[in-house]
Amino acid sequence: MTRVLIVEDQRMMRESMESYIRQSDRYTLAASIANAALAEMSCMQHPVDLVLMDVCTENDESGFEATQRIKARFPGVKVIIVTSMLDFSYLNRARAAGADSIWFKDASQEELMSVVERTMNGESVYPDKTPEVRLGHTTSYEFSEAEIRVLRLLVEGMTYKQMAQALGVTTDCVKAHISSMLSKTGFTSKTKLAAVVISKKLIVNGF
């Protein structure tokens, strides 16, 4: 039996994943916790073969950092990051942390368990693209890579000048990207744009 550790701070999602594992005749639940900071210790306390890891957990503890620690201490343990966050940069961050696979929380039970099976069979499963997110009159697919970079800094609360310095461009360039995004979405202010992006979990400040 493959022993699974679940790291997820949303109770309903955690209970759903627990149910998926219990319904399978190939997997057993080793432990289920809400805080990624405790994941490495859980792997030390319980024999674990697979970790289903959220990105942002209880007390804002990072699943990426926990994954990196687990893979350093237990290289044979498989880690699948399961997230609702849709920023494409998370795919690269998951790879850098050593995650074997990454998938999205809105996947069906069958889809998620298929990713689990493929990962345990030695495959590294990463989506080709993130899910499409509706933002006003447009979707996230209509934003350019440059606009997404600006958007990420906008969500952090940076001013035009700070964003320009961080990106190595002019403030006029930053303003042009924000103006373009406002035009595409139909939102009337960059504050509204940032608020909707955060509510849709396209980008989450600090992660």
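Summary of the structure given here. Note that the structure is predicted; figures quoted are calculated from it, not measured.

What to know about the pattern of salt bridges
Charged atoms that come close allow side chains of opposite charge to pair. One pass over the full model with this rule turns up 11 salt bridges. K105 serves as the salt-bridge partner of E8, at 2.8 Å between the closest nitrogen and oxygen. Residue E8 is located in the loop between β1 (2-7) and α1 (11-23), and its partner K105 is located in the loop between β5 (101-104) and α5 (109-120); the two are separated by 97 residues in the primary sequence. With relative accessibility at 0%, the residue E8 sits in the buried group. By relative accessible area, K105 is classed as buried at 12%. Here K105 ties to D54 by a salt bridge, and the two come within 3.3 Å at their closest N and O atoms.

Considerations on the sheet that holds β5
By definition, the strands of a sheet pair up through backbone hydrogen bonds, in either a parallel or an antiparallel sense. Pairing within the open sheet is parallel, and its 5 strands lie in the order β2-β1-β3-β4-β5. The two strands at the open ends of the sheet, each matched to only one other strand, are β2 (27-33) and β5. Between one strand and the next, the sheet's axes are offset by a mean angle of 20°, whatever the strand orientation. The strands touched by helix α3 (residues 63-73) within the sheet are β3 (50-53) and β4 (78-83), with β4 carrying the most contacts at an inclination of about 175°. Against the sheet, α5 makes contact with β1, β2, β3, β4 and β5, and its axis sits at roughly 155° relative to β4, the strand it touches most.

Remarks on the nonpolar core
Taken as a class, soluble globular proteins show a tendency for nonpolar side chains to be buried jointly. If you look at the biggest cluster of nonpolar residues, it comprises 24 residues, and the most contacted ones within it are L5, V7, A39, V51, M53, I70 and I81. Considering each element in turn, this core owes the most residues, 4 residues, to helix α4 (residues 89-97). Ranked by size, the runner-up nonpolar core spans 22 residues in total, among them V155, M163, L182 and F187.

What about the pairing of β4?
Summarising burial for β4: 5 of the 6 residues are buried, a large majority. Two elements, β3 and β4, share 4 bridges in a ladder whose sense is parallel. Residue pairing in the sheet places V51 in a bridge with V79 of β4. Between β3 and its parallel partner β4, the chain crosses via α3, and the hand of that crossover is right-handed.

Topic: the state of the cysteines
Considering all chains together, one arrives at 0 disulfides under this definition. Distance from the sulfur of C43, which forms no disulfide, to the nearest cysteine sulfur (C56) is 19 Å. Accessibility expressed as a relative area gives 7% for C43, which makes it buried.

Re the environment of R22
With respect to the helices and strands, the residue R22 is situated in helix α1. Taking relative accessible area as the criterion, R22 reaches 58% and is therefore assigned exposed. C-alpha separation for the pair R22 and V116, spaced 94 residues apart in sequence, amounts to 14 Å.

Quick look at helix α6 (residues 145-155)
Listed in full, the buried residues belonging to α6 are E147, I148, V150, L151, L153, L154 and V155. Buried residues along α6 sit against α7 (160-167), α8 (171-185) and α9 (190-199). Among the residues trailing α6, G157 stands out with phi positive, at a value near 90°.

Rules used throughout
- Residues numbered from 1 in each chain as written.
- Predicted model: local features only at pLDDT ≥ 70, side-chain atom pairs only at ≥ 80, totals over all residues.
- Heavy atoms only, no water.
- Salt bridge = Lys/Arg side-chain N within 4 Å of Asp/Glu carboxyl O.
- Helix = DSSP H or I, 4+ residues; strand = E, 2+ residues; numbered from the N terminus.
- Buried < 20%, exposed > 50% of the residue type's maximum accessible area, 1.4 Å probe, protein only.
- Pairing = 2+ DSSP bridges.
- Axes fitted to C-alpha atoms, helices over the stretch in contact; angles between N-to-C directions.
- Contact = heavy atoms within 4.5 Å.
- Core = buried A, V, L, I, M, F, W, Y, C linked by side-chain atoms within 4.5 Å.
- Right-handed = clockwise from strand over helix to strand, strands pointing away.
- Disulfide = S-S within 2.5 Å.

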